[in-house]
Amino acid sequence: MADKKTLILGATPDTSRYANFAAHKLVGQGHTIVNVGIKTGEVAGVPIEKPETIHHDIDTITLYVGPQNQPPLYDYILNTHPKRIIFNPGTENTELKRKANEQGIETEYACTLVMLSVGEY
């Protein structure tokens, strides 16, 4: 399995949140993660950083930020230029999907946790 460096947008140290589950599952399956969010702390041994530093080596951004909170993050997301963006349930956004597709970024309305569980990540 190839390491797909994944930026978790909406990372949180709250162990009851899906973003937290995904971070642990990604690391457990050998993927490198970058945690980005508004919370402080760390998840799966990786500190949470603010959406300021643009990472240029990201395969996948997995979104855990609702569409109402995404517009201020558009430039950050698009300037990162990942190979794909996964819109997890509740994060679907046709405007961001269109903007990403226009830049050649693959987009999926899917669940990272399910994808990892069935080996389709």
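What you see is a predicted model; the values in this text were computed from it and never measured.

### So, the UniProt feature "domain: CoA-binding" (unreviewed entry) in the protein chain
Move 1: According to UniProt, the "domain: CoA-binding" (unreviewed entry) feature falls on residues 4-116.
Move 2: In the segment residues 4-116, helix accounts for 28% and strand for 23%; the C-alpha atoms at its two ends are 12 Å apart.

### Focus on the packing of aromatic side chains
Note on aromatic pairs: each is described by the distance of the centres and the angle between the planes.
Move 1: Per the counting criterion, the structure on display carries 2 aromatic pairs.
Move 2: Look at Tyr 18 and Phe 21: their rings are 5.8 Å apart centre to centre, the planes differ by 75°, and that puts the pair in the edge-to-face class. Of the two residues, Tyr 18 and Phe 21 are both situated in helix 1 (residues 18-28); the distance of 3 residues between them amounts to about one turn of the helix.
Move 3: What makes Phe 21 partly exposed here is its relative accessible area of 38%.
Move 4: Seen in terms of ring centroids, Phe 87 and Tyr 109 are 5.3 Å apart; in terms of plane orientation they differ by 90°. Their pairing is edge-to-face. Taken together, the residues Phe 87 in strand 6 (residues 84-87) and Tyr 109 in strand 7 (residues 106-109) connect sequence positions 22 residues apart.

### A few points about the environment of His 56
Move 1: Along the polypeptide, His 56 turns up in the loop between strand 4 (46-49) and strand 5 (60-63).
Move 2: Owing to a relative accessible area of 66%, His 56 belongs among the exposed residues under this scheme.
Move 3: Sequence separation between His 56 and Asn 79 is 23 residues, and the spatial gap between their C-alpha atoms is 8.3 Å.
Move 4: For His 56, the residues in contact, after removing those within four places along its chain, are Asn 79 and Thr 80.

### A word on the pattern of salt bridges
Move 1: Taken as a whole and assessed by the stated rule, the structure comprises 5 salt bridges.
Move 2: Salt-bridge contacts for Asp 59 lead to Lys 83; the nearest nitrogen and oxygen are separated by 3.7 Å. Within this pair, whereas Asp 59 is found in the loop between strand 4 and strand 5, its partner Lys 83 is found in the loop between helix 2 (74-80) and strand 6, the two being separated by 24 residues in sequence.
Move 3: Residue classification places Lys 83 among the exposed residues on the basis of a relative accessible area of 58%.
Move 4: Salt bridges here are not isolated pairs; linked through shared partners, they connect Asp 59, Lys 83, Arg 84 and Glu 108.

### Brief notes about unusual backbone geometry
Move 1: Despite not being glycine, Ala 44 shows a phi value in the positive range, around 55°.
Move 2: Here Ala 44 is to be found in the loop between strand 3 (42-43) and strand 4.
Move 3: When its relative accessible area of 23% is taken as the criterion, Ala 44 is described as partly exposed.
Move 4: In this structure, His 81 is a non-glycine residue whose phi angle is positive, near 50°.
Move 5: Take His 81: its relative accessible area is 41%, and that puts it in the partly exposed class.

About the criteria used
- Once a new chain begins, its residue numbering starts again from 1 and follows that chain's sequence as written.
- Per-residue local features are limited, in this predicted model, to residues with pLDDT of at least 70; the limit for side-chain atom pairs, both in listing and counting, is 80 or more; totals at the level of whole chains, interfaces and linings are taken over all residues.
- The basis for the side-chain values is all heavy atoms of the structure; hydrogens and waters are excluded.
- UniProt positions are given in the numbering used here, feature names are shortened, and annotations may be inferred rather than shown by experiment.
- Strands here mean DSSP runs of E at least two residues long; helices mean DSSP runs of H or I at least four residues long; both are numbered from the N terminus.
- Note on aromatic contacts: the rings of Phe and Tyr and the six-membered ring of Trp form a pair at centre separations within 6.5 Å, being stacked when their planes are under 30 degrees apart, edge-to-face when over 60 apart, and tilted otherwise.
- Summary of the burial criterion: residues with accessible area below 20% of their type's maximum are buried, those above 50% are exposed, and those between are partly exposed, where the area comes from a 1.4 Å probe applied to protein chains only.
- When checking whether two residues touch, look at their non-hydrogen atoms; a contact exists if any pair is within 4.5 Å.
- One speaks of a salt bridge when a side-chain nitrogen belonging to Lys or Arg is within 4 Å of a carboxyl oxygen belonging to Asp or Glu.

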